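Each chain is listed here by its residues.
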Amino acid sequence: MASYDVIIIGGGPGGYVCAIRCAQLGLKTACVEGRGALGGTCLNVGCIPSKALLHASHMLHEAQHNFTKMGLMGKSPSVDFKKMIEYKDGVITQNTTGIEFLFKKNKVDYLRGWGKITAAGQVSVDGEIHEAKNIVIATGSEPSSLPGIEIDEKIVVTSTGALALSKVPKRLAVIGAGVIGLELGSVYKRLGSEVTVIEFLDHITPGMDSEVAKTLARTLKKQGIKFIMNAAVQKVEATKTKAKLTYEGRKRGNIEVMDVDVVLVATGRKPFTDGLGFTDLGGKMTDRGQIETNDRWLTNLPNVYAIGDVITGPMLAHKAEDEGMAVAEEINGKHGHVNYGVIPGVIYTSPEVATVGKTEEQLKAEGVAYKVGKFSFMGNGRAKAVFMGDGFVKLLVDKETDRILGCHLIGPAAGDLIHEICVAMEFGASAQDIAMTCHAHPTFSEAVREAALACGDGAIHA
Ligand code: NAI
């Protein structure tokens, strides 16, 4: 039996970051992980592998659609999907072994196996008991399916199966026009699949600024993705080689049947707490199946914390990482900080979408007096040079004080550009602060400055 200051259950972005920070703060730390590799969903079957496939398929798209425009002539590349999957797997291994290296460097003990809280201050890992003054639950989430749909990860897949298909499906149905559906739908569309997205609501990416959502929907349609909106999927019947999907049109009540080769179920994720032992010891859950915590990430069990997808808030790796660092500070007797008002969200489609802070709809609902500064990438020389003039930066600022309240971007490198605004919001900056900051030319970032200028006397290149 080993004794620790902290045992973290779960080696995903929340758990492993928490473990490293705890060790850096001088706490004797162990991290328990059962999947055989560190990095959680994000590194193994989520963010990182999907970005590898998005990159590869984007390169193909560029070769097919833009190379000749730049005088790069010749046959466009064909797809060796097996090789592409090997490339993706290589990226995963590099990243997961990188975390093992960081654990060794920081003297975090990596306990391989599934962890269970067996008593106060006790965690069993595949039957072996370890003692801990503090326990952090960072067990993440798993895909949630729909009634009437059985996942086999071959024909009817979640994101996990979609990242490991044996071939590019001829016809792919995607259930859910959220982040996963649109990112993976984009991958397979570019690789040659006929992609149809079936969405329950009348709009894509619920919760996103509606102007950005509409522009994204229009762009993806132009890229050839088909959308069936206001449709409730009723069942999916799969054979060994294909599937029959039945949905009901919510407006007219019409029942439709589609034959496809693969169905991707991307209707959200749910907290993962199987076999954790938390509730057996009296641990409190919310009615949405999340572990309940106070504002210091403490559960109702003494010295048991929880972070990441398993608690409330957006299911995002970077939100979990922030909570992981904050909890390490709390355990170390200091004050952990997470600013939930400044958590960016990114969709890695092409163009990318990035968002932080309030949407225009939220400001309206809250009765806040605001101004909008908007700038189209059509006015940005760098974006036009790389065929990325579609899209815009939309900055929302307080009408009285000019303080930045939110930013919604669709366009080139949006996922990187958003961080200028995140820093500005952390510092309570105004649009004028951004407008008065010199931005290098020619960069995509100039579009952010132009949106800030548009909140004042006007953008220059609009
Ligand atoms: P999501 O919550 O983003 O979207 C699910 C979509 O499915 C919604 O549009 C919803 O209206 C629709 N839907 C639900 N039931 C349906 C039904 N019966 N028929 C048709 N449509 C239905 O969930 P998603 O895309 O599965 O992602 C799960 C989580 O993973 C999210 O929290 C997301 O933020 C996170 N994630 C984040 C990524 C990123 O930051 N780039 C990438 C991938 C996942």
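Along every chain, residues carry numbers that run from 1 in the direction the sequence is written. Per-residue local features are limited, in this predicted model, to residues with pLDDT of at least 70; the limit for side-chain atom pairs, both in listing and counting, is 80 or more; totals at the level of whole chains, interfaces and linings are taken over all residues. Values reported for side chains reflect all heavy atoms of the structure, with hydrogen atoms and water molecules removed beforehand.

## Observations concerning the domain arrangement of the chain
In many analyses, interface size is given as the accessible surface area lost on bringing the parts together.
Okay, so step 1: The domain architecture assigned to the chain consists of domain 1 (2-143 + 270-338), domain 2 (156-267) and domain 3 (343-454).
Okay, so step 2: Contacts are assigned to residue pairs with any non-hydrogen atoms lying within 4.5 Å of each other. Taken together, the contact between domain 1 and domain 3 spans eleven residues of the former and six residues of the latter.
Okay, so step 3: Accessible area that two parts lose when put together, with a 1.4 Å probe and added across both, is what the buried area reports. Carbon and sulfur atoms supply 73% of the area buried between domain 1 and domain 3, which totals about 720 Å² over both sides.
Okay, so step 4: One side-chain nitrogen of Lys or Arg within 4 Å of one carboxyl oxygen of Asp or Glu is enough to make a salt bridge. If you look at where domain 1 meets domain 3, you find zero salt bridges.
Okay, so step 5: Polar contact criterion, stated in full: a pair of N or O atoms within 3.5 Å, where within protein one must be able to donate a hydrogen and the other to accept it, and residues adjacent in sequence count only if both atoms are side-chain atoms. Remark: the boundary between domain 1 and domain 3 carries one residue pair in polar contact (both at pLDDT 80 or more). As annotated, the domain borders come from an automatic or database domain assignment.

## So, the nonpolar core
Okay, so step 1: Nonpolar core, defined: a set of buried Ala, Val, Leu, Ile, Met, Phe, Trp, Tyr and Cys residues in which side-chain atoms within 4.5 Å join the residues together. Per-residue accessibility, obtained with a 1.4 Å probe over protein chains only, is compared with the maximum for each type, and a residue is labelled buried under 20%, exposed over 50%, and partly exposed between these values. Counting residues in hydrophobic clusters, the biggest one holds 49 residues, and the most contacted among them are Ile 8, Phe 103, Val 136, Ile 137, Ile 291, Trp 297 and Val 327.
Okay, so step 2: A run of DSSP states H or I qualifies as a helix once it reaches four residues; a run of E qualifies as a strand once it reaches two. Both are numbered from the N-terminal end. The dominant element in this core, judged by the number of residues it contributes, is helix 1 (residues 13-24), at seven residues.
Okay, so step 3: Every residue in contact with Ile 291, bar those within four places of it in the chain, is listed here: Ile 137, Thr 273, Leu 276, Phe 278, Lys 284, Met 285, Thr 299, Ala 306, Val 310 and Ile 311.
Okay, so step 4: Counting 37 residues, the second-largest nonpolar core is a separate cluster that includes Leu 53, Phe 81, Val 157 and Val 197.

## Some remarks on the sheet that holds strand 21 (residues 392-398)
Okay, so step 1: Spatial strand order, 18-19-22-21-20: five strands in an open sheet with antiparallel pairing. Both edges of this open sheet fall to strand 18 (345-347) and strand 20 (370-376), since each of them pairs with a single strand only. This sheet shows a mean twist of 10 degrees between the axes of neighbouring strands, independent of strand direction.
Okay, so step 2: Two strands qualify as a pair provided that DSSP identifies no fewer than 2 bridges between them. With seven bridges joining them, strand 20 and strand 21 adopt antiparallel strand pairing. When the bridges of strand 21 are listed, Lys 374 appears paired with Lys 394.
Okay, so step 3: In this analysis, axes come from line fits to C-alpha atoms, helices being fitted only over the stretch in contact, and the angle between any two N-to-C directions falls in the range 0 to 180 degrees. Against the sheet, helix 7 (residues 210-222) touches strand 18, strand 19 (352-357), strand 20, strand 21 and strand 22 (404-411), its axis set at about 5 degrees to strand 22.
Okay, so step 4: Lying over the sheet, helix 13 (residues 446-454) contacts strand 20 and strand 21, oriented at roughly 140 degrees with respect to strand 20.

## Let's talk about the pairing of strand 9 (residues 171-175)
Okay, so step 1: Of all five residues making up strand 9, four are buried, and the element is well covered by its neighbours.
Okay, so step 2: In this structure, strand 9 lies alongside strand 10 (residues 194-198), joined through five bridges in parallel fashion. What sits directly across from Arg 171, in strand 10, is Glu 194.
Okay, so step 3: Crossovers are described as right-handed under a simple rule: with the strands pointing away from the observer, the path leading from the first strand over the helix to the second runs clockwise. In this fold, strand 9 hands off to helix 6 (residues 179-190), which returns the chain to strand 10; that crossover is right-handed.
Okay, so step 4: Pairing of strand 9 with strand 15 (residues 262-265) involves four bridges; the strand directions are parallel. Bridge pairing in strand 15 links Ile 175 to Val 265.

## Notes on the environment of Val 310
Okay, so step 1: Note that Val 310 resides in the loop between strand 17 (304-306) and helix 8 (317-331).
Okay, so step 2: With 170 residues separating them in the primary sequence, Val 310 and Gly 140 have C-alpha atoms 5.0 Å apart.
Okay, so step 3: If we ignore the near neighbours within four places in the chain, the residues touching Val 310 are Ile 137, Thr 139, Gly 140, Pro 271, Phe 272, Thr 273, Gln 290 and Ile 291.

## Describing unusual backbone geometry
Okay, so step 1: A cis geometry characterises the amide bond from Ser 350 onward to Pro 351, with omega recorded as 0 degrees.
Okay, so step 2: Here Pro 351 shows up in the loop between strand 18 and strand 19.
Okay, so step 3: For the bond from His 441 to Pro 442, the omega torsion is 0 degrees, close enough to zero to count as cis.
Okay, so step 4: Considering the arrangement of structural elements, one finds Pro 442 in the loop between helix 12 (431-435) and helix 13.
Okay, so step 5: The phi dihedral of Thr 205 falls on the positive side, at around 40 degrees, and the residue is not glycine.
Okay, so step 6: One can find Thr 205 in the loop between strand 10 and helix 7.
Okay, so step 7: Exposure remark for Thr 205: the relative accessible area of 5% places this residue in the buried category.
Okay, so step 8: Positive phi, normally seen in glycine, also occurs at Asp 402, with a value near 75 degrees.
Okay, so step 9: By the element assignment, Asp 402 lies in the loop between strand 21 and strand 22.

## Overview of empty space enclosed by the protein
Empty pockets left among the atoms are what a rolling probe the size of a water molecule brings to light.
Okay, so step 1: Site definitions follow a grid-based scheme: protein atoms alone, a 1 Å grid, a 1.4 Å probe that fits but cannot get out for cavities, and for pockets an open set with protein on both sides within 12 Å along at least five of seven lines, plus lining residues having an atom within 4 Å of a point. Grid points are joined across faces, edges and corners, and a volume is the space filled by probe spheres set on the points. Throughout the structure, instances matching the rule amount to one cavity of 30 Å³ or more.
Okay, so step 2: Volume-wise, the largest cavity comes out at about 40 Å³.
Okay, so step 3: Around the largest cavity, the lining residues are Pro 143, Ser 144, Thr 158, Ser 159, Ile 180, Val 265, Ala 266, Thr 267, Gly 268 and Arg 269.
Okay, so step 4: Gly is put with the polar residues, along with every residue not named as nonpolar or charged; the nonpolar set is Ala, Val, Leu, Ile, Met, Phe, Trp, Tyr, Cys and Pro, and the charged set is Asp, Glu, Lys and Arg. Tallied by class, the residues present in the lining of the largest cavity amount to four nonpolar, five polar and one charged.

## Some remarks on the environment of Gly 268
Okay, so step 1: For Gly 268, the location among the structural elements is in the loop between strand 15 and strand 16 (269-271).
Okay, so step 2: Residue Gly 268 is classed as partly exposed on the basis of its relative accessible area of 38%.
Okay, so step 3: Remark: the alpha-carbon pair of Gly 268 and Ser 144, spanning 124 residues in sequence, is separated by 5.8 Å.
Okay, so step 4: Dropping the residues within four chain positions of it, Gly 268 is found in contact with Pro 143 and Ser 144.

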